[in-house]
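Analysis of the macromolecular model
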Amino acid sequence: MRSERIGKNALKITLSGSELKNSGISQKEIFDYSSQSLSRSRDGKTEELVKALWQRLLRENAFDDVCPQSFGERPTIEIIPAKDKGCVIYITGENPYYPSAGLTPPKYAAVFFSPKPLIKVCTLLCRSSLSKDSALWANRRSALLTFRLPQKKCDLADDIRELVSVTAINEHIPEAIAEHFSPIIEKNAPEILLKAFGER
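Bear in mind the structure is a predicted one, so any value in this text is a computation, not a measurement. (Residues numbered from 1 in each chain as written. Predicted model: local features only at pLDDT ≥ 70, side-chain atom pairs only at ≥ 80, totals over all residues. Heavy atoms only, no water.)

Within the protein one finds seven helices and nine strands. Partitioning the contacts of the protein with sequence separation of at least 6, the portion at a separation of at least 24 is 70%. Only carbon and sulfur atoms are counted for the fraction: they give 50% of the accessible area of the protein, which is about 10,500 Å². (Helix = DSSP H or I, 4+ residues; strand = E, 2+ residues; numbered from the N terminus. Contact = heavy atoms within 4.5 Å. Areas by Shrake-Rupley, 256 points an atom, 1.4 Å probe, with all protein chains shown as cover.)

Following this line, the structure appears as structure tokens:
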């Protein structure tokens with residue numbers, strides 16, 4: 001496990017594929033976990049792993065001179081699958097999903113391990129005319145779609161979150177995407193993908 005501070009209240013943790021495998025948790029299980037939807041982990045294994053990582057960082061003084069209280073009682077967990085079946089975990093003290101008006105991140109990312117939910121999300125984005133600025137990335141094990149959502153809480157965002165875990169793209173996420181995924185379709189990905197699958 002590697003950990004590094006990447007901001008006043010942000011940490012980056014990298015778990016290798018073997019470390020994740022030894023924890024008994026699959027790459028998909030850990031990606032599905034987020035601090036916004038604890039019910040996604042049916043048996044509690046992922047929550048226990050994240051809690052253990054957090055406690056280990058506290059013990060190893062990974063916070064340097066910054067007080068861990070700046071992360072709050074329930075820091076936000078954002079997870080990107082890595083190329084080697086491992087993952088990159090970002091722990092921040094902010095909530096990027098529903099911040100105060102004007103601060104909502106303009107883009108989001110979702111990782112897909114099978115085509116069916118990807119097609120459903122693409123269909124939703126095309127119906128809402130938000131597909132033009134969407135891009136598709138992929139590695140050997142999964143696909144990642146970046147897309148915009150309306151600034152305010154809406155049915156579209158809720159519908160997409162019912163299908164797949166959504167991560168707000170904060171300042172640290174693009175680096176992880178570029179490191180672990182290759183660009184496939186850079187613009188209007190949902191429309192192009194649906195045509196390729198014969199859905200449009």
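Sheet strands line up and pair through hydrogen bonds in the backbone, either parallel or antiparallel. The antiparallel open sheet is built from five strands, whose spatial order is S8-S5-S7-S6-S9. Single-partner strands in this sheet number two, and they are strand S8 (166–168) and strand S9 (182–185). Pairwise comparison of adjacent strand axes, ignoring direction, gives a mean angle of 30° for this sheet. Pairing geometry for strand S5 (residues 107–112) and S8, over three bridges, is antiparallel. (Pairing = 2+ DSSP bridges. Axes fitted to C-alpha atoms, helices over the stretch in contact; angles between N-to-C directions.)

Right, let's talk about the nonpolar core for a bit. Within the largest apolar cluster, 26 residues are counted, with the highest numbers of intra-cluster contacts made by Leu-118, Leu-136, Leu-145, Phe-147 and Ile-160. For this core, the secondary structure elements donating two or more residues are S5, helix H4 (115–127), strand S7 (143–148), helix H5 (155–163), S8 and helix H7 (189–196). (Core = buried A, V, L, I, M, F, W, Y, C linked by side-chain atoms within 4.5 Å. Buried < 20%, exposed > 50% of the residue type's maximum accessible area, 1.4 Å probe, protein only.)

Our next topic: the pattern of salt bridges. The tally for this structure, following the rule as stated, stands at three salt bridges. Here Lys-12 makes a salt bridge to Glu-175, at a shortest N to O gap of 3.0 Å. In this pair, Lys-12 is assigned in strand S2 (residues 10–15) and Glu-175 in helix H6 (residues 173–180), connecting sequence segments 163 residues apart. For Lys-12, a relative accessible area of 8% gives the class buried. You can call Glu-175 partly exposed: its relative accessible area is 46%. (Salt bridge = Lys/Arg side-chain N within 4 Å of Asp/Glu carboxyl O.)

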